[in-house]
Amino acid sequence: QVHMVESGGGLVQPGGSLRLSCAASERTFSNYAMGWFRQAPGKEREFVAGINWSGSNTAYGDSVKGRFTISRDSAKNKVYLQMNSLKPEDTAVYYCAARAGVAGPLKQLSEYDQWGPGTQVTVSS
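Below: a short report on this structure.

Thresholds, definitions, all that
Residues numbered from 1 in each chain as written. Predicted model: local features only at pLDDT ≥ 70, side-chain atom pairs only at ≥ 80, totals over all residues. Heavy atoms only, no water. Phe/Tyr/Trp six-rings, centres within 6.5 Å; stacked < 30°, edge-to-face > 60°. Helix = DSSP H or I, 4+ residues; strand = E, 2+ residues; numbered from the N terminus. Lys NZ or Arg CZ within 6 Å of the ring centre and 35° of its normal. Polar contact = N/O pair within 3.5 Å; in protein donor to acceptor, adjacent residues only side chain to side chain. Disulfide = S-S within 2.5 Å. Pairing = 2+ DSSP bridges. Axes fitted to C-alpha atoms, helices over the stretch in contact; angles between N-to-C directions. Buried < 20%, exposed > 50% of the residue type's maximum accessible area, 1.4 Å probe, protein only. Core = buried A, V, L, I, M, F, W, Y, C linked by side-chain atoms within 4.5 Å. Contact = heavy atoms within 4.5 Å.

1. Points about the packing of aromatic side chains
At step 1: Within this structure, the stated rule accounts for four aromatic pairs.
At step 2: Measuring from centroid to centroid gives 5.2 Å for Phe 37 and Trp 115, while their planes differ by 65 degrees, and the two rings are edge-to-face. Of the two residues, Phe 37 is situated in strand β4 (residues 32–39) and Trp 115 in strand β10 (residues 114–115); the sequence distance between them amounts to 78 residues.
At step 3: What links up through ring pairs into an aromatic cluster is the set Phe 37, Phe 47, Tyr 112 and Trp 115.
At step 4: Between the NZ or CZ atom of Arg 19 and the centre of the ring of Tyr 80, over which it lies, the distance is 4.2 Å.
At step 5: Across the ring face of Trp 115, the terminal group of Arg 45 is positioned such that the distance to the ring centre comes to 5.0 Å.

Set out below in structure tokens:
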């Protein structure tokens, strides 16, 4: 079981940038496929980005391709989500997700079995 905590959320103007971080407690973090999801009020949780355990392969949701970048630093047990050119429709709670023993990247909600508590991102002028 890995304990994860997201940070870096906040209020940003349209067109701005934010970098989210997910800190994981597990020493075998490098064996986990990791991902980011988001959930806006009244909507289902949506896939944003996924990364495999080595960091060599990534996947993105259609709505964020070309604007968001996922990366990981296994030495620090962290996963990052760099978000550029933010839009009001990016407003949501962003969640870090993990799955042990699978290479990834994983895109489906049901493929992940561990979740962080989330961090709020609000894009507004």
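Back to the text.
2. Focus: the side chain of Thr 119
At step 1: Mapped onto the secondary structure, Thr 119 falls in strand β11 (residues 119–123).
At step 2: At a separation of 3.4 Å, a polar atom in the side chain of Thr 119 contacts the main-chain amide nitrogen of Gly 9.

3. Details of the state of the cysteines
At step 1: Evaluated as defined, the whole model comprises one disulfide.
At step 2: Residue pairing for Cys 22: its cysteine sulfur links by disulfide to Cys 96, the two sulfurs lying 2.1 Å apart. Here Cys 22 and Cys 96 share a disulfide; its torsion about the S-S bond, -80 degrees, makes the bridge left-handed. In this pair, Cys 22 is assigned in strand β3 (residues 18–24) and Cys 96 in strand β9 (residues 92–100), connecting sequence segments 74 residues apart.

4. A closer look at the sheet that holds β3
At step 1: With respect to topology, four strands assemble into an open sheet ordered β1-β3-β8-β7, the strand pairing being antiparallel. Two strands lie at the open edges of the sheet, namely β1 (4–7) and β7 (68–73), each paired on one side alone. Sheet twist, expressed as the mean angle between neighbouring strand axes with direction ignored, is 15 degrees.

5. Some words on unusual backbone geometry
At step 1: The omega angle of the peptide bond from Gly 104 to Pro 105 is 0 degrees, so this bond is cis rather than trans.
At step 2: With respect to the helices, strands and loops of the structure, Pro 105 is situated in the loop between β9 and β10.
At step 3: Unlike most non-glycine residues, Asn 77 shows phi in positive territory, near 55 degrees.
At step 4: Turning to its location among the elements, Asn 77 is positioned in the loop between β7 and β8 (78–83).
At step 5: The class for Asn 77 is buried, based on a relative accessible area of 15%.
At step 6: With phi around 50 degrees, Ser 85 is a residue other than glycine that occupies positive phi space.

6. Details of the nonpolar core
At step 1: Counting 28 residues, the largest nonpolar core has Met 34, Trp 36, Leu 81, Met 83 and Tyr 94 as the members making the most contacts within it.
At step 2: Mapped by element, the contributors of at least two residues to this core are β3, β4, β5 (46–51), β7, β8, β9 and β11.
At step 3: Ignoring any residue separated from it by four or fewer positions in sequence, one finds Tyr 94 in contact with Glu 6, Leu 20, Trp 36, Phe 37, Arg 38, Val 48, Phe 68, Leu 81, Met 83, Gly 118, Thr 119 and Val 121.
At step 4: Core analysis: the next-biggest nonpolar cluster, separate from the first, contains seven residues, Ala 33, Phe 37, Ala 59 and Leu 106 among them.

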